[in-house]
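# Analysis of the macromolecular model
Listed below, chain by chain, are the residues.
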Amino acid sequence: MRDKFCWYFFDHGDYEAAWNEGILTVDANVILDLYRYNQSTREALLSALESFKGRLWISNQTANEFIKNRRVVITETRNDFDKAKKPLDDLEKALSAAVDAIRACRVIPRELSDSLDGKVREACQSLRDGIDSERAKAPDYDQDDEIVLRLEVALEDGIGKQPDNLEELIKEAERRKNEKIPPGYMDEGKDGTGFAGDFLMWKEILSHGKESDRSMILVTSETKEDWWEKKSGRTLNPRLELLREAYQETGKKILIYHTDQFLKLHQERTGGKSDETVLEEIREYSLAREPAVSVKQEVDSSDNTTNAGRLLISISRPVKNFTGTGRLEPNFLSSPDVTARLVESPSGAPSVRIRANTGTTFNFNVHVHSNEQGKLLPVGDYLLEYQASYGESGQSVSDETGPE
């Protein structure tokens, strides 16, 4: 089995060869996130990348995306200081209403409500002062961008060249997107040729790995299912198609890590103790970037007047409600009626309310809401059966208590 599926099985020698002699490459968000992290996290990751000096390489696609988005990220980061103050303003507005309500209860001494008002406002002002202090200490990347300066030294011109067959590769990316071949098919909603970005980076990595005849380590901030095998909201391992394709193209096994996985292993391999505070910050950024909902559709029957099948909707974090979208292929003659019912859900899920609707001839939405006050829908897979048929209303509402 190991001979036939050697791209799947890794032993100690494979890891050692990659970490000690292989080439490290990263996607654009790994280095863009250096602007988003606080100082300690930024330094930990940047130092780890620098330790691969002479073996650090990035694709032309990664470099282009970094240059394209660098200024945007820097501006967003500056705005975060003001965003952090907004909840404090909201809290003080709510505080005023609460204090007024307490004062209206004449049996409560005035000094108690005054004490609450003073202590909360004092705490809010202290936090505002802290935010201003952090703003003052934040790097001025317009004047002195240490991130770029240190990356330039670590890379030593290790940046790929734009492929000569770019138009051909974009066409191939379109085909793979339509056939749901990883990576990148989850980016189909991006403007222009943005959907092809992950695939272009991937092909450059494979080309460089083959040309250099060295193992590759890819660090990615991506969390979507076109990079990772997932089950019940849990990430299991890189997509097997990627591991197989990399070995077939380069003759070498590839290691693919999330940013936090890479940094944890690097800290342990260099004799240090992994810093959970740093790793948790990276995980929080990754989770915020990850879509909460992913959808897989299985069609049992379909023509231009009926479509029936199932939607497997996976959610990656607890939510009050979510929406899954299905396709109508071939397109309908007119907007159909749609009904849906829940067949399976994670253990402990509350009863649900389901609404299915559409206003188009090419897709439909299924909305799932928790039907129990204060109880969220847990992480995991939700299997729904749906049926769309030609009608006039284009909408159907059903209430369910969930599977038995």
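One can find the structure itself at the top, above this paragraph.
Structure report, in brief.

Calculation criteria
Residues numbered from 1 in each chain as written. Predicted model: local features only at pLDDT ≥ 70, side-chain atom pairs only at ≥ 80, totals over all residues. Heavy atoms only, no water. Helix = DSSP H or I, 4+ residues; strand = E, 2+ residues; numbered from the N terminus. Buried < 20%, exposed > 50% of the residue type's maximum accessible area, 1.4 Å probe, protein only. Contact = heavy atoms within 4.5 Å. Lys, Arg positive; Asp, Glu negative; His and termini not counted. Charge placed at Lys NZ, Arg CZ, Asp CG, Glu CD. Salt bridge = Lys/Arg side-chain N within 4 Å of Asp/Glu carboxyl O. Polar contact = N/O pair within 3.5 Å; in protein donor to acceptor, adjacent residues only side chain to side chain. Core = buried A, V, L, I, M, F, W, Y, C linked by side-chain atoms within 4.5 Å. Pairing = 2+ DSSP bridges. Axes fitted to C-alpha atoms, helices over the stretch in contact; angles between N-to-C directions. Phe/Tyr/Trp six-rings, centres within 6.5 Å; stacked < 30°, edge-to-face > 60°. Lys NZ or Arg CZ within 6 Å of the ring centre and 35° of its normal.

## Considerations on the overall build of the protein chain
Counting its regular elements, the protein chain contains 11 helices and 13 strands. For the protein chain, the C-alpha atoms occupy an extent of roughly 80 × 60 × 40 Å along the three principal directions. Out of the 404 residues in the protein chain, the part that is buried amounts to 42%. Relative to all contacts within the protein chain whose residues are 6 or more apart in sequence, the contacts with residues 24 or more apart total 75%. Here the protein chain contributes 55 positive and 73 negative side-chain charges, whose respective centroids are spaced 2 Å apart.

## Side note on the side chain of Arg-55
Here Arg-55 shows up in the loop between α3 (39–50) and α4 (60–103). The buried charged residue Arg-55 lacks any salt bridge partner; its closest oppositely charged side chain belongs to Glu-21, at an N-O distance of 8.0 Å. Within the structure, the side chain of Arg-55 is placed 2.7 Å from the backbone oxygen of Gly-22, a separation counted as a polar contact. Among residues more than four places away in sequence, those in contact with Arg-55 are Ala-18, Trp-19, Asn-20, Glu-21, Gly-22, Ile-23, Leu-24 and Arg-214.

## Some points on the nonpolar core
If you look at the biggest cluster of nonpolar residues, it comprises 37 residues, and the most contacted ones within it are Leu-24, Leu-49, Ile-217 and Phe-262. Examining the composition of this core, we find that 6 residues originate from one element, helix α2 (residues 28–36), more than from any other. Ignoring any residue separated from it by four or fewer positions in sequence, one finds Ile-217 in contact with Ala-18, Trp-19, Ile-23, Leu-24, Thr-25, Phe-52, Leu-255 and Tyr-257.

## Details of the environment of Leu-45
If you trace the backbone, Leu-45 turns up in helix α3. Accessibility expressed as a relative area gives 0% for Leu-45, which makes it buried. Through-space distance from the C-alpha of Leu-45 to that of Asp-260 is 9.1 Å; in sequence the pair is 215 residues apart. In this structure, Leu-45 is in contact with Val-30, Leu-34, Tyr-37, Thr-259, Phe-262 and Leu-263, ignoring residues within four places of it in sequence.

## As for the sheet that holds strand β7 (residues 306–315)
Pairing is antiparallel in the open sheet, where 4 strands are placed in the order β6-β7-β12-β9. With partners counted over all chains shown, the strands left at the sheet margins are β6 (293–302) and β9 (336–344), one partner each. On average, adjacent strands in this sheet sit at an angle of 20° to one another, irrespective of strand direction. Bridge count for β6 against β7 is 9 bridges, and the pairing is antiparallel. Paired with Lys-296 across the two strands is Leu-312, which belongs to β7.

## Here's the deal with the sheet that holds strand β2 (residues 216–220)
The pairing of strands in a sheet happens through backbone hydrogen bonds and is either parallel or antiparallel. Read across the sheet, 3 strands follow the order β1-β2-β5 without closing on themselves; strand pairing throughout is parallel. Each edge of the sheet is formed by a strand with only one pairing partner; in this case those strands are β1 (23–26) and β5 (254–258). The sheet shows a mean angle of 20° between the axes of neighbouring strands, taken without regard to direction. Two elements, β1 and β2, share 4 bridges in a ladder whose sense is parallel. Bridge pairing in β2 links Thr-25 to Leu-218.

## A word on the pairing of strand β12 (residues 380–390)
Walk down a regular strand and you will see the side chains alternate between the two sheet faces. Sheet topology note: the β7/β12 ladder contains 10 bridges and is antiparallel. Residue Gly-309 lies in a different strand from β12, and its bridge partner there is Tyr-386. In the sheet, β9 pairs with β12 via 8 bridges, with the strands oriented antiparallel. Looking at the pairing, Glu-344 lines up with Leu-383 of β12.

## Some remarks on the packing of aromatic side chains
Within the structure shown, the criterion is met by 14 aromatic pairs. Between Trp-19 and Phe-262, the aromatic rings sit 5.6 Å apart at their centres with planes inclined by 10°, giving stacked as the arrangement. Residue Trp-19 is found in helix α1 (residues 12–21), and its partner Phe-262 is found in helix α10 (residues 259–269); the two are separated by 243 residues along the sequence. Exposure class is identical for Trp-19 and Phe-262. Each is buried. Taken together, Phe-5, Trp-7, Tyr-8 and Phe-9 form an aromatic cluster joined through their ring pairs. Above the ring of Trp-7, the side-chain terminus of Arg-244 is found at 5.3 Å from the ring centroid. Above the face of the Phe-10 ring, Lys-253 is positioned so that its terminal group lies 5.6 Å from the ring centre.

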